[in-house]
Amino acid sequence: MKKIYPTAAAALDGLLKEGMLIAAGGFGLCGIPELLLQAIKEAGTKNLTFASNNAGVDDFGIGILLQSKQVKKMISSYVGENAEFMRQYLSGELELEFNPQGTLAERMRAAGSGIPGFYTKTGVGTVIAEGKEHKDFNGETYILEQGLFADLSIVKAWKADETGNLIFRKTARNFNPPAAMCGKICVAEVEEIVPTGSLDPDHVHLAGIYVHRIVQGQHEKRIEQRTVREA
Amino acid sequence: MWDRNQMAARAALELQDGWYVNLGIGIPTLVSNYIPKGIEVTLQSENGMLGMGPFPISGQEDPDLINAGKQTITELPQTAYFDSAQSFGMIRGGKIAMAILGAMEVSQEGDLANWMIPGKLVKGMGGAMDLVAGVGRVVVVMDHTSKHGESKLLTACTLPLTGKAVVDRIITNLGVLDVVEGGLKLLELADGVTEAELRAATQAHIVN
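Residues numbered from 1 in each chain as written. Chains lettered and ligands numbered in written order. Predicted model: local features only at pLDDT ≥ 70, side-chain atom pairs only at ≥ 80, totals over all residues. Heavy atoms only, no water.

As for the environment of R213 of chain A
All names here are of chain A. The line we're drawing: The helix and strand labels rest on DSSP assignments: H or I over at least four residues marks a helix, E over at least two residues marks a strand, and numbering proceeds from the N terminus. Each residue is assigned to one of three classes by its accessible area relative to the maximum for its type, calculated with a 1.4 Å probe on protein chains only: buried under 20%, partly exposed between the two thresholds, exposed over 50%. By definition, residues are in contact when any of their heavy atoms lie within 4.5 Å. Think of a polar contact as two N or O atoms within 3.5 Å of one another; within protein, one of them needs to be a possible hydrogen donor and the other a possible acceptor, and neighboring residues in sequence only count if both atoms come from side chains.
Following the sequence through the fold, R213 ends up in strand 12 (residues 213-216). Among the residues examined, R213 registers a relative accessible area of 13% and is labelled buried. For R213 and E34, which are 179 residues apart along the polypeptide, the C-alpha to C-alpha distance reads 16 Å. In this view, R213 contacts K3, Y5, A10, A11, L12, D13, L15, I185, C186, V187 and A188; residues no more than four positions away in its chain are not counted. Here Y5 takes part through its side chain, which lies 3.3 Å from a polar atom of the side chain of R213. At 2.8 Å, the side chain of R213 and the backbone oxygen of A11 are in polar contact.

Right under this line is the structure:
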């Protein structure tokens, strides 16, 4: 079975459907599947729901799909860096479901692990808990959160082998493994595809069982907040 | 009155040797510049890192290496990386001794609001709800009053909560207060601030 595709557009061929739920990896602009997002923009698929920790900036990341009005709903924990997002949300064009960051990550991990619900104390006593089942364990109150089962996962890794085993680099790992796990099908874009057998099996971060299609490409890897100290 | 850096330096005195600690976005991020000599703490960044180093020198920035405020940072010899699910697993699991966070409002019962102004600013809670629910101790660092001069230390929060009864200590530009039975207890005054000035700027009840 061949998992390698020549372009991001080819890797998404036949997978995009109007109204689908896509889980995307990345934190801020770090480790986002920038090539696949650009390909989704070019495909023009509409009414998409994205489960992604952030919504990019105006002209990069998911922000480019907000500009082209392809996003119906975001499931995110923090969207503070995107002016177009705020405009669409405040005018009612865009739906937004805030999830606490750890709850969002765990919803993805749980879904990918066959766990449809879990109890957490995150959000107890806040609006996040409203309408959710409360249950006490050992004298503490927890709320029920549900696994997040996506139609499609799009992630970015540093290296893949030909079977889809992935290695991430530094903090660009972030949401990519849980996002990869929770989709019916997962497409990974990487900086380098190496021959099978050249990765140390003990160093694989995400096993290829979770990864169905791979594309290699050039990444801009934009820095959102360049911060330096005096030498 | 303390400036941002002085507030961060004061917050750094909260750190204890051997602790794993999470620093929030804004002034809390500056705390890492003031870790006292002889104290070894490991900073967690909830985007997936333990052992967060200082900002890089110019030219050494790595787009794959950022903190939770999306700023470029560096790694240390003891650094470890992991994914977001595991990162919040260690937060929820009580492995992080303390979180230092910014806030919009704190109530005298320790309720924290730092994520949303209805109808206005939409930012999101990020990892703050998970942190305040999971870590051992929560310290808030914030200005004592809003831009309009209104107290951010309140009898009850007016904004949507991040967590209920979660704050242990508040460090502001005017001083340091603890959340105790019946209200807030004044522990320290910032340089040049009188107790009367701090009380006048505080809407929450300060116990004697």
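Side note on the packing of aromatic side chains
Quick reminder of the rule: Note on aromatic pairs: the rings of Phe, Tyr and Trp (six-membered ring only in Trp) are paired at centre separations within 6.5 Å, and the planes decide the class, stacked below 30 degrees, edge-to-face beyond 60, tilted for the rest. The criterion is that NZ of a Lys, or CZ of an Arg, lies within 6 Å of the ring centre and within 35 degrees of the ring normal, and then a charge sits over that ring.
Tallied over the full model, the rule gives three aromatic pairs over all chains. A centroid spacing of 5.5 Å and a plane angle of 85 degrees characterise the contact between F98 of chain A and W115 of chain B, whose relative ring orientation is edge-to-face. Of the two residues, F98 of chain A is situated in strand 5 (residues 95-98) and W115 of chain B in the loop between strand 7 (112-113) and helix 4 (128-134); the pairing between them involves two chains. When its relative accessible area of 12% is taken as the criterion, F98 of chain A is described as buried. Among the aromatic residues, ring-to-ring pairing joins Y119, F137 and Y142 of chain A into one connected group. Sitting above the plane of the W158 of chain A ring, K159 of chain A keeps its charged end 4.5 Å from the centroid. The ring of F27 of chain A has K70 of chain B sitting right over it, with the charged end atom 5.1 Å from the ring centre.

Looking at the state of the cysteines
Residues and elements named next belong to chain A. Inclusion rule: Two cysteine sulfur atoms make up a disulfide if the distance between them is within 2.5 Å.
Using the criterion set out here, one finds zero disulfides over all chains in the structure. C186 forms no disulfide, and the closest cysteine sulfur to it belongs to C182, at a distance of 8.8 Å. We classify C186 as buried; its relative accessible area is 0%.

Section: the packing of helix 5 (residues 101-112) of chain A against helix 3 (residues 84-92) of chain B
Each pair of packed helices can be summarised by the angle the axes make with each other and by the distance between the axes. Formally: Only the stretch in contact is used when a helix axis is fitted, and all axes are lines through C-alpha atoms; the angle between N-to-C directions ranges over 0 to 180 degrees. Under this scheme an angle from 65 to 115 degrees is roughly perpendicular, one under 35 degrees roughly parallel, and one over 145 degrees roughly antiparallel; angles in between are oblique. Put simply, a crossing is left-handed when the front helix is turned counterclockwise from the back one by less than a right angle, and right-handed when it is turned clockwise.
Close contact between helix 5 of chain A and helix 3 of chain B brings their axes to 8 Å; oriented N to C, the two are set at 125 degrees. Considering their axes alone, helix 5 of chain A and helix 3 of chain B lie oblique with respect to each other. Taken as a pair, helix 5 of chain A and helix 3 of chain B cross one another with a handedness that is left-handed. Counted together, Q101, G102, T103, A105, E106 and R109 of chain A of helix 5 of chain A and S84, A85, F88 and R92 of chain B of helix 3 of chain B form the full contact between these two elements.

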